[in-house]
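# An overview of the molecular structure
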Amino acid sequence: MQIKRGIPVSPGVAIFTAFVMDAEDQPVPRRPVAMAKTGEEVDRLEKAVAASIVEIEGLTEQTASSLGEDLSKIFSFHIGMLNDPQLIGQIKTMVRTQRVSAEYSVYTVLRKLASTFAAHDSQLVRKTVTDVKDLERRILKHLIGSSREDLKNLKGSAIVVAHDLTPSQTAMLDKRKIKALVTDAGGRTSHTAILAHALGIPSIVGLEDVTSEVSTGDTIVVDGNRGIVVIDPDAAKLMEYRQEARQMAKHATMLRELKDKPAVTKDGTEITLYGNIEFPDEIHLALSNDAAGIGLYRTEFLYLASDVIPSEESQYESYVTAIQNLEGRPLTIRTLDLGADKVVEDLTPMSLWQERNPFLGCRSIRLCLQNLPLFKTQIRAILRASVEGPVKIMFPLISNIMELRQAKMILSDVKEDLEDQGIPYRDDIPVGMMIEVPSAALQALTFAHEVDFFSIGTNDLIQYTVAVDRSNERIANLYSAAHPAVITLIKEVIRASQRAKIDVSLCGEMASDPEFTMLLLGLGLRTFSITPPAIPEIKQIIRSVSIEQCRRVARKVSGFDSNREVLNYLKGEAGKIMPEVVGGRSIGY
Ligand code: PEP
Ligand code: MG
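Attention in this report is confined to the structure presented alongside it.

A contiguous patch of negative charge, built from Asp 413, Glu 416, Asp 417, Glu 419 and Asp 420, is present on the exposed surface. Counting through the fold element by element, Glu 419 comes out in helix α18 (residues 401-421).

Okay, structure coming up:
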């Protein structure tokens, strides 16, 4: 049994077998194996080599019939290598003598061969480096048994173990089969983590080397409450976690009883709970959790989930579907927030993934303002859909007033175009902005005079305030919603919106974290936009407290000067109301 700790991003307990996904182009970590198991590793290697040969023979035939015999000969080199007893013998010897996994041995031996070839005098030999790398990928795919296709064809339930997943890969996971997700990389509010939370499956990121410790088929426990992964649990540990899983199921049943009950504090203050979504389909989940509408629709996922740039028509259809699914409840459509960790590799013209500092780069509104056709297409689709229901438009990552004015000007231009073409739209569509950059938070009062509403995006606001990349696991201990500077900024934004009499909500993950609910209520927040599975828990806290009690909490917090003090205190207060909110799971350390 082995225990590993990471960053918990979605609560719950899952006990299943692991499915390790291949991390193409990632170095394969050295995984030691017991002496007694080296024989099994060699067997795995032989099977993977045999499967690779069959696969290449198939490719040879296919190429011969479609492109001709000559071209099909390129594969004979691959087959020759796989049949080379010296090369395969070298890999087997490494497994046996160094007692390491077959994956690591294949990776090490073939990488060494590739670098020898790369340094060779003959150009002909140098050219074979790509063949060696191709071969390495092929054998590893069979060894790890985790191509994306295998995941799609998964028969039973499993826990996905990956180096990292992109947000779109995470969004595609089939929740009926994937019972938990754990990754080496990632931070508390990386978009992969946010999506895992939205899926409602226990998830842990930032485990650093979990892929080197776990093999497909191993039994693992994922404790998404504390951020613990137990590999190969012993009987006692299994019993302990089965018991906890039963308790969590009881807690979930209790939360389900809150269905249709209002989110109102003990002293009668009504709180609005909206849902955050990435796809219109998620609206059903939001509504089944009593969301009063959608406070954040991350429309960039239309792009992330598609191989082509979505047309105006397909965007329009998605927005209309969302509006119809909401049956009269409000929908806040955020304009494209692409860039940073949300890149679409196939949409090469954007070339975003080459940026040196992507979170400080051409992302979000900046990207839109530099790609007006892209931006205008989306705004047209939103405006056209706005006649179908209560839609609001929201601009992300605004960092200075000129940016906001420019975005609003483009909105006016598009309205004019629609007017000229006789296409209906809602002229009084509410216009809002995200407050997620400290400069915008500090200038909130100025901005408040030029928009109808604010939505505080703490996921980014935290990273820009404390200078910590939200997706970097190595510095995740510095990323904290409990940082007094972050709390001060939130307080000032809420105050500015109250003075200017505009709506303010908070849609970062902090709103979905029960440990911060009392503080946010005490600071004056009355609208939360939450990842749908977390709505019942937040509602329960709201229904158990009074505003006066929350104001006391906020006053007390304003006297603390470190994250640690703030968090310990908030954990204690939330724990009194909901003891099931176990440690380690909040957006802070
Ligand atoms: C945020 O930054 O808090 C936010 C809600 O936006 P995203 O997580 O999509 O960057
Ligand atoms: Mg953001």
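Structure's up, so let's keep going.
Bound to the magnesium ion (ligand 2) are the protein donor atoms Glu 436 (OE) and Asp 460 (OD), situated 2.0 to 2.1 Å from the metal. Placement of Glu 436 in the loop between β13 (431-435) and α19 (438-442) and of Asp 460 in helix α21 (residues 458-466) is noted, with a sequence separation of 24 residues between them. Neither residue differs from the other here; Glu 436 and Asp 460 are each classed as buried.

Looking now at the sheet that holds strand β5 (residues 178-183). With mixed pairing, eight strands are arranged side by side in an open sheet as β1-β8-β7-β3-β4-β5-β6-β2. Of all the strands in the sheet, just β1 (2-5) and β2 (7-10) have a single pairing partner and so form its edges. Neighbour-to-neighbour, the strand axes of the sheet open up by a mean angle of 30°, direction not taken into account. Looking at chain direction, strand β4 (residues 158-162) and β5 are connected through five bridges and run parallel. Looking at β5, one finds that Ala 162 is bridged to Thr 183. Where helix α10 (residues 191-199) meets the sheet, its contacts fall on β2, β5 and β6 (203-205), and the angle it forms with β2 comes to roughly 50°. Contacts from helix α12 (residues 235-256) reach β1, β3 (13-20), β7 (219-223) and β8 (228-231) within the one sheet, and its direction differs from that of β3 by about 120°.

Attention shifts here to the site of ligand 1. By nearness alone, 17 residues border ligand 1, and Arg 298, Arg 334, Gly 457, Asn 459 and Arg 470 come closest of all. Between ligand 1 and His 191, the relevant distance is 2.9 Å, taken from an oxygen atom to a side-chain nitrogen or oxygen of the residue. Here an oxygen atom of ligand 1 and a side-chain polar atom of Arg 298 are 2.7 Å apart. About the coverage of ligand 1: the protein hides 100% of its 290 Å² of free accessible area. Going through the elements one at a time, α10, β10 (294-298) and α21 are the ones with two or more residues in the shell around ligand 1. Here the shell around ligand 1 gets three residues from one element, more than from any other, and that element is α21. Tallied by class, the residues present in the shell around ligand 1 amount to four nonpolar, five polar and eight charged.

Overall, the coordinates contain four aromatic pairs when judged by the stated rule. Geometrically, the ring pair formed by Phe 279 and Phe 301 is edge-to-face, given 5.8 Å between the ring centres and 65° between the ring planes. In this pair, Phe 279 sits in the loop between β9 (272-277) and α13 (283-288) while Phe 301 sits in helix α14 (residues 300-304), placing the two residues 22 residues apart along the sequence. When the ring centre of Tyr 316 is taken as origin, the NZ or CZ atom of Arg 384, which lies over that ring, is 4.1 Å away. If you follow Lys 392 out to its NZ or CZ, it ends over the ring of Phe 453, 5.3 Å from the centre.

Further remarks concern the pairing of β5. Within β5, five of the six residues are buried, which leaves the element mostly enclosed by the surrounding structure. With two bridges joining them, β5 and β6 adopt parallel strand pairing. Note on β6: the bridge partner recorded for Leu 181 is Ser 203. Taking the sense of rotation as the criterion, the β-α-β connection linking β5, α10 and β6 turns out right-handed.

Our focus in this paragraph is α18. Taking 1.5 Å of rise per residue, 21 residues should cover 30 Å, and α18 covers 30 Å from first to last C-alpha, within 8% of that figure. Inspection of α18 places Ile 401, Glu 403, Leu 404, Ala 407, Ile 410, Leu 411, Val 414, Lys 415 and Leu 418 among the buried residues, and these make up the whole buried set. Each element contacted by the buried residues of α18 is listed here: α16 (364-370), α17 (372-385), β12 (391-395), β13 and α20 (444-448). For α18, the N-terminal capping position is held by Asn 400, with its side-chain oxygen 3.0 Å away from the main-chain nitrogen of Met 402.

Right, let's talk about the packing of α12 against helix α24 (residues 535-544) for a bit. The angle between the axes and the distance between the axes are what describe a pair of packed helices. Where α12 contacts α24, the axes come no closer than 9 Å and their chain directions differ by 70°. Judged on the interaxial angle alone, α24 and α12 are roughly perpendicular. Between α12 and α24 lies a crossing of left-handed hand. In contact with His 251, Met 254 and Leu 255 of α12, α24 contributes Pro 536, Glu 537 and Gln 540.

A general trend in soluble globular proteins is that nonpolar side chains are found buried together. If you look at the biggest cluster of nonpolar residues, it comprises 114 residues, and the most contacted ones within it are Phe 454, Ile 490 and Phe 528. Looking at this core element by element, the count peaks at eight residues for helix α22 (residues 484-500). Discounting residues that sit within four places of it in the chain, Ile 490 has contacts with Ile 456, Thr 458, Leu 461, Leu 506, Met 510, Leu 520 and Leu 523. In terms of nonpolar packing, the next biggest core, distinct from the first, is built from 45 residues, Ala 14, Ala 48, Phe 75 and Val 182 among them.

Basis of the calculations
Residues numbered from 1 in each chain as written. Chains lettered and ligands numbered in written order. Predicted model: local features only at pLDDT ≥ 70, side-chain atom pairs only at ≥ 80, totals over all residues. Heavy atoms only, no water. Patch = residues over 30% accessible without salt bridge, like charges linked within 9 Å, V, L, I, M, F, W, Y side chains within 5 Å. Areas by Shrake-Rupley, 256 points an atom, 1.4 Å probe, with all protein chains shown as cover. Salt bridge = Lys/Arg side-chain N within 4 Å of Asp/Glu carboxyl O. Lys, Arg positive; Asp, Glu negative; His and termini not counted. Charge placed at Lys NZ, Arg CZ, Asp CG, Glu CD. Helix = DSSP H or I, 4+ residues; strand = E, 2+ residues; numbered from the N terminus. Donors = N, O, S within 2.8 Å, 3.2 Å for Na, K, Ca; no water. Buried < 20%, exposed > 50% of the residue type's maximum accessible area, 1.4 Å probe, protein only. Pairing = 2+ DSSP bridges. Axes fitted to C-alpha atoms, helices over the stretch in contact; angles between N-to-C directions. Contact = heavy atoms within 4.5 Å. Near = heavy atom within 4 Å. Polar contact = N/O pair within 3.5 Å; in protein donor to acceptor, adjacent residues only side chain to side chain. Nonpolar A, V, L, I, M, F, W, Y, C, P; charged D, E, K, R; others polar. Phe/Tyr/Trp six-rings, centres within 6.5 Å; stacked < 30°, edge-to-face > 60°. Lys NZ or Arg CZ within 6 Å of the ring centre and 35° of its normal. Right-handed = clockwise from strand over helix to strand, strands pointing away. Expected span 1.5 Å × (residues − 1). Parallel < 35°, antiparallel > 145°, perpendicular 65-115°, else oblique. Left-handed = near helix turned anticlockwise from the far one by under 90°. Core = buried A, V, L, I, M, F, W, Y, C linked by side-chain atoms within 4.5 Å.

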